[in-house]
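Report on the structure
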Amino acid sequence: MSAAPRPRLYENDRVMKWLLIGPLVFFLLAFMVYPTLYSLYMSFTDYVMKGAPGFVGLDNYRWVLSDEAFWAALGRTIYVLFWCIAIELVLGMALALLLNREFPGQGIVRGLCFIPLLVSPLSMSLMWNYILHIQFGVVNTVLGWLGLSAVPFLSTPSLALNTIIFITVWQWLPFSIFVLLAGLKGMPRDQFEAAQIDGASPIRVFFRLTLPLLKPLIIIIILLRVMWLMRLFDPLYGTTRGGLNTELLDWMIYRVSFVFFDIGQGAAYALFALYLTLIVGALLFKQLIKAMDGR
Amino acid sequence: MLSPRLKRILAISAVAAVAGAGQVAAKDDFTLDDIPEIENKEPIHVALEAGGAADLIIPYLQKFSEATGVPVTSESMVFATIYSKEVVELQGRTGAYDVVVTETSWTNEWRDYLYPLNELAEKYDPEGVAGLQAVVDGIDPGLLRMASTRDGVLVGVPYYTYTMISIYREDLFNDAGEQAAFKEKYGYDLAPAREWQQLLDQAAFFTRKEGEELRGEVLDHDFYGVSMMAGRFPHVQDELAAMIWSKGANWASPVREDGKLVGFEITDKDRETLEWAFTLYQDLMKYAPPGSENAFWDFATAQFVEGNTAIIPLMYNGLWNWASSVADEVPGARAAAAPVVGERPYTGAFHFAPSRDSGNPEAAYWLLKYIGSYATQKEMIEGGWAGTNADVLGEPDKTVETNYAAYGWIPPTLVQWEAQAPDVDDYLHFNSSAFGKIYEQMTIIGHENATGATTPAESVEAWEKAFDRLQGKFGELPVN
């Protein structure tokens, strides 16, 4: 009687499973879990890049909670987050609906709409800094030709943060447009034809049919934008550098961690931001699952 | 008719020139040919500031490399990045850089990571410490203290300075009509300001609307009295420091026992002067062009060159070259330089310092000596950049008349260095080992005050809190 052939390595499900998932698990442990846990450890220390870290318990977190600059930065971050997402969704939807129609040169227009996403965020912030400059910028030069007063887009506290929002929206609007456009393109035609036959108005079709069908994509846009906007940094680097009441949470974390090198304190700020993002992310993710299940 | 002020500058310049001429005989005669065979041929890596200064220094690094056979590589970083990058590499003891460029205000923080130069001289220089001293003697002592000396130990050689000077439109100040109008309004002669109130008067006087006249010509745009650098950049702190120091006060004063520095204290005089300086800054902002709230040196100088401002009261001397080109941009315009009010400006410098973790401190030492030497500095200064060798700067041919664009900054710089030298030992900037961090916080406080986000009183309060915390956390000496 001949012995049964030994299964080859790739035929062993258990081995194969770990072989395939192994690199990813290693990557996650080495570059995500370990740094996060190390940051958590650091947030309980007074480490300032000199000597050994000393345990300080919850002191760094107490400081975060009592720090007016932190709350101000968080408030600004939420303000930016709200307006960026609101504008990107409303404007993105309008433009996606427009681009969903057939018209001559649509390929070129769609290509042009995509360009802002391809520009490096840092170059983009420097570019807008010059374009919007009160004295030498092209926008104010044109306003001058039209007989209008120059606008201090990036040199007055009352406007600077809104200008940061504008720059951010300019860059990220195409993301919303194209995600929503992909959703519109993939919609089932029969339901829309039925609505048309029933005499539903375009507004009713939009609110009763288009919007509900796009809900999962809208939640994905919000989820991703919340995560990205909590880390908004580049538009500040090339423009105000956090001045004129524009310091956002990520800039503050950078300043404390990599200018002051107050690593313990910086870790506490960063983890606080992470907790907030995780809470909001978890809530949105729950909504996404519901929306995908058609609930 | 020369003003008494101008006469004094010319007199001091003449003295400096004569002294410089005297020193020429005593100057070091060190050149590349005097470097002995460097045994260690390991490449050295140099950290540099990106931009004009870096571009100018790179050819000298190449010359050194060719002459010694030691490969030299360099890494240029924008100013905002250098500090962070060097903290990581120096304090992390990575040895990534053999020679680092440091700003005057950072040296104290990093002294534990930099080689005392005398140690290297004793080890590698056949002439010993005397060989190094001959080079160092050419550099202004005050500048040497600020940039490179900590607790009496020399840890680097400054090679490029950005001492603040005042730059003004000489054509406006010399215009008979403007002079008469100014005298009628303020009751004294129009001349480079010696008091801050005079500067405020001049700022207000020259601020004019489109359609009004300036120098007898109708303006086709708004014109402003002063260029300021109120953005959230280090320069706003530098401007405030010049105001505070001019009054014999400090951001925080040193506390000494038996001549030894034992801590810092914000005295009542400091507190009063700080509030006065914050108020003065806000007052000057009324006469600065729109956009100054987010400006640094490029905007401030550009305003002047474009013919939009009359005075840059506090500007780095390295910018003179550009500022003086107002003569090419505005018909009939001409720039002149004067000491800043109070003659105690922020005096910055980049200096080269050898890292304690360098794999080739021998080559690092010789590179420093070469860059700081009389011959190299002379070449650099005559090439139009703001070198640090006072012997060269004091030479009789370094006058506005011989080379307006290249040398216009020199006379006021020398006057200020001399005036400021006795005070520099008391400046917080060059005594606190936490100053890299404190500098950043001063910038934020200064900017918020300048933009009106905080009142002068609130700014003082914010400074006291911040200093207490930062010095306590990062510094070695206590706040009393």
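1. A look at the overall build of chain A
On a plain count of helices and strands, chain A comes out with 12 helices and 0 strands. Written out in order from the N terminus, the α and β elements of chain A read α-α-α-α-α-α-α-α-α-α-α-α. Taken along its principal axes, the extent of the C-alpha atoms in chain A is 85 × 65 × 30 Å. Within chain A, one finds 21 positive and 16 negative side-chain charges whose respective centroids are separated by 5 Å.

2. Some words on the confidence of the model for chain A
Chain-level pLDDT for chain A is 93 on average; 98% of the residues reach the 70-or-more range. Per-element confidence in chain A is highest for helix 3 (residues 68–99) of chain A, whose mean pLDDT is 97, and lowest for helix 8 (residues 189–197) of chain A, whose mean pLDDT is 91.

3. Focus: the side chain of Asn140(A)
Structurally, the position occupied by Asn140(A) is in helix 6 (residues 138–145). Engagement of the side chain of Asn140(A) in a polar contact is seen with the backbone nitrogen of Val151(A), the distance being 2.7 Å.

4. Side note on the domain arrangement of chain B
Residue and element names in this part refer to chain B. As far as domains go, chain B holds domain 1 (7–161 + 348–413) and domain 2 (234–274 + 432–474). Relative to domain 2, the C-alpha centre of domain 1 lies at a distance of 29 Å. Across the contact, 8 residues belong to domain 1 and 8 residues belong to domain 2. Carbon and sulfur atoms make up 51% of the surface buried where domain 1 meets domain 2, a total of about 640 Å² over both sides.

5. Considerations on the interface of chain B and chain A
Contacts between the two partners involve 30 residues from chain B and, on the opposite side, 29 residues from chain A. Between chain B and chain A the total buried area reaches about 2600 Å² when both faces are included, carbon and sulfur atoms providing 56% of it. Our count for the chain B to chain A interface comes out at 3 salt bridges. The residue Lys473(B) makes a salt bridge to Asp262(A) at a minimum N-O spacing of 2.8 Å. Between chain B and chain A we count 11 residue pairs in polar contact (both at pLDDT 80 or more) in total. Residue assignment for the side of chain B that touches chain A shows that the elements contributing at least two residues are helix 3 (79–91), helix 13 (297–305), helix 21 (435–450) and helix 22 (456–474) of chain B. Broken down by element, the side of chain B that touches chain A gets its largest block of residues, 7 residues, from helix 3 of chain B.

Rules of the game
- Residues numbered from 1 in each chain as written.
- Chains lettered and ligands numbered in written order.
- Predicted model: local features only at pLDDT ≥ 70, side-chain atom pairs only at ≥ 80, totals over all residues.
- Heavy atoms only, no water.
- Helix = DSSP H or I, 4+ residues; strand = E, 2+ residues; numbered from the N terminus.
- Lys, Arg positive; Asp, Glu negative; His and termini not counted.
- Charge placed at Lys NZ, Arg CZ, Asp CG, Glu CD.
- pLDDT = per-residue confidence, 0-100.
- Polar contact = N/O pair within 3.5 Å; in protein donor to acceptor, adjacent residues only side chain to side chain.
- Domains from an automatic or database assignment.
- Contact = heavy atoms within 4.5 Å.
- Buried area = accessible area lost by both parts, 1.4 Å probe.
- Salt bridge = Lys/Arg side-chain N within 4 Å of Asp/Glu carboxyl O.

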